[in-house]
Amino acid sequence: MSEKIAVVGAGAFGTALAAVIALTERNAVTLVGRDPELIADLKAERLHDAVLPGIALPESLAFSAEPDAIGDADIVLFAMPSQAQADAARQYRPYLGSSAIVVTCAKGIERATGNLLTDMLEREIPGHAVAALSGPGFAADIAKGLPTAMAIAAADMDVAERLAHAISGRTFRLYASSDRVGVQLGGALKNVLAIACGIVEGAGIGDSARAALIARGLAEMSRFVVAKGGQADTVRGLSGLGDLVLTATSHQSRNLRFGIALGRGETVDPAHGELVEGAFAAAVASRLAQSLAVSMPITDAVSAIIDGKLGIAEAIDQLMTRPITTE
Ligand SMILES: NC(=O)C1=CN([C@@H]2O[C@H](COP(=O)(O)OP(=O)(O)OC[C@H]3O[C@@H](n4cnc5c(N)ncnc54)[C@H](OP(=O)(O)O)[C@@H]3O)[C@@H](O)[C@H]2O)C=CC1
Ligand SMILES: O=C(CO)COP(=O)(O)O
């Protein structure tokens, strides 16, 4: 079945997704950006060197800077940062076709409300099916056509399966899920844990400590997902374990690099410069965990370090001197 697909947000991930979906050739794909000059350049050059240097974009991919370009899309992917998704929803809502499925591709939690992005989208765009795409895959790898697999979750499994079939291609494979909570929280929380792993690397604390953070981080992610109504199995899948392993170990990860800078004692402001989703998710996840009485010591420590309330040595000491318990 061929679908009309619009990807909104012409950054690294939006451009990579639009490119890889356009390569399937059965779909008509449009990348919609808000900067007319950038969109004109992309159309002319078929390159987005600022975010995907040297990667040619397919001839079959269409571009538009007009919000009404999403009007006839069956599927609309929102690929802007998590804290910009509510604004974008309000901006694009008037142009959505009445049966369009909306997919959030961001990895985060709405800071102001603590809502999952799918809950926020249901609030801002009522009456549309809302799904979430998350999992391990750097934009550059996806756009280069390297093999990548992610999860796509919708409340209705039929919708998730339709999306998985529509979007998957020879190099980009989606697994359908009905666990929107687990898939989204996996993506949001792995960023926080990647910052923790970066801190360990930057401060020279050792690879053994990184492995401990990955395993214990996964345990706290599981507790949180289950408390929020998601499934522990999802956490062991692509969007939890898969993405955590990727971003906790690859220097391609902005969250890991941010953590490394913190670990080296550098001053970095996450509100400026490249996007570091985990720096926004840490505080809101820590706050939500407290309200749910879920223990998330690593997330709490990352949040406190970013806020300048805790030193790295102190954080390690706190984590290592917690009461001895079972695994
Ligand atoms: N990069 C990656 O490898 C991956 C990223 N993701 C997730 O995708 C999301 C986006 O990340 P990424 O693409 O890397 O970020 P980028 O910083 O590369 O791009 C963000 C894009 O969003 C656009 N944007 C910002 N606000 C709005 C808005 N209100 N309306 C429309 N467009 C807007 C920006 O436009 P402008 O330039 O005009 O500001 C920019 O083009 C994040 O949540 C990230 O975690 C997920 C998997 C992989
Ligand atoms: O989520 C990602 C890959 O799956 C991208 O990670 P960063 O945002 O840390 O670069």
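Relevant structure appears above.
The text that follows walks through the structure, step by step, so that each part is easy to find. Because the structure is predicted, anything quoted here is derived from the model rather than measured.

Moving on: helix α11 (residues 254–263). Most of α11 is tucked away: 9 of the 10 residues are buried. For α11, every residue scored as buried is listed here: Arg254, Asn255, Leu256, Arg257, Phe258, Gly259, Ile260, Leu262 and Gly263. The elements touched by buried residues of α11 are α7 (180–202), α10 (238–249), α12 (277–291), α13 (297–306) and α14 (312–320). Just downstream of α11 lies Gly265, where phi reads positive at about 85°.

Gly11, Phe13, Met80, Ala84 and Ala106 are the nearest of the 26 residues found near ligand 1. Breaking the shell around ligand 1 down by element, the ones donating at least two residues are α1 (12–22) and α3 (85–92). Broken down by element, the shell around ligand 1 gets its largest block of residues, 3 residues, from α1. The class makeup of the residues in the shell around ligand 1 is 15 nonpolar, 6 polar and 5 charged.

Take the packing of α3 against helix α4 (residues 117–124) next. Where α3 meets α4, the axes come as close as 10 Å, and the angle between the chain directions of the two elements is 30°. Relative to α4, the element α3 lies roughly parallel. Along this stretch, α3 crosses α4, giving a crossing that reads as right-handed. Seen from α3, the contacting residues are Gln85, Ala86, Ala89 and Arg90; seen from α4, they are Leu117, Met120, Leu121 and Glu124. Here the contact of α3 with α4 is composed, by residue class, of 5 nonpolar, 1 polar and 2 charged.

In the sheet, strand β3 (residues 47–48) pairs with strand β4 (residues 52–56) via 2 bridges, with the strands oriented antiparallel. If you follow His48 over to β4, its bridge partner there is Leu52. Counting the residues that bridge the hairpin from β3 to β4 gives 3 residues.

We now examine the site of ligand 2. Neighbouring ligand 2 are 13 residues, the closest being Pro136, Thr247, Ser253, Arg254 and Asn255. Elements represented by at least two residues in the shell around ligand 2 include exactly α7, α10 and α11. By residue number, the principal contributor to the shell around ligand 2 is α10, which donates 3 residues. In terms of domain composition, the shell around ligand 2 takes at least three residues from each of domain 1 (4–178) and domain 2 (181–320).

Parameters at a glance
- Residues numbered from 1 in each chain as written.
- Chains lettered and ligands numbered in written order.
- Predicted model: local features only at pLDDT ≥ 70, side-chain atom pairs only at ≥ 80, totals over all residues.
- Buried ≥ 20, exposed ≤ 12 C-beta atoms within 10 Å, placed from the backbone.
- Helix = DSSP H or I, 4+ residues; strand = E, 2+ residues; numbered from the N terminus.
- Contact = placed C-beta atoms within 7 Å.
- Near = placed C-beta within 6 Å.
- Nonpolar A, V, L, I, M, F, W, Y, C, P; charged D, E, K, R; others polar.
- Axes fitted to C-alpha atoms, helices over the stretch in contact; angles between N-to-C directions.
- Parallel < 35°, antiparallel > 145°, perpendicular 65-115°, else oblique.
- Left-handed = near helix turned anticlockwise from the far one by under 90°.
- Pairing = 2+ DSSP bridges.
- Domains from an automatic or database assignment.

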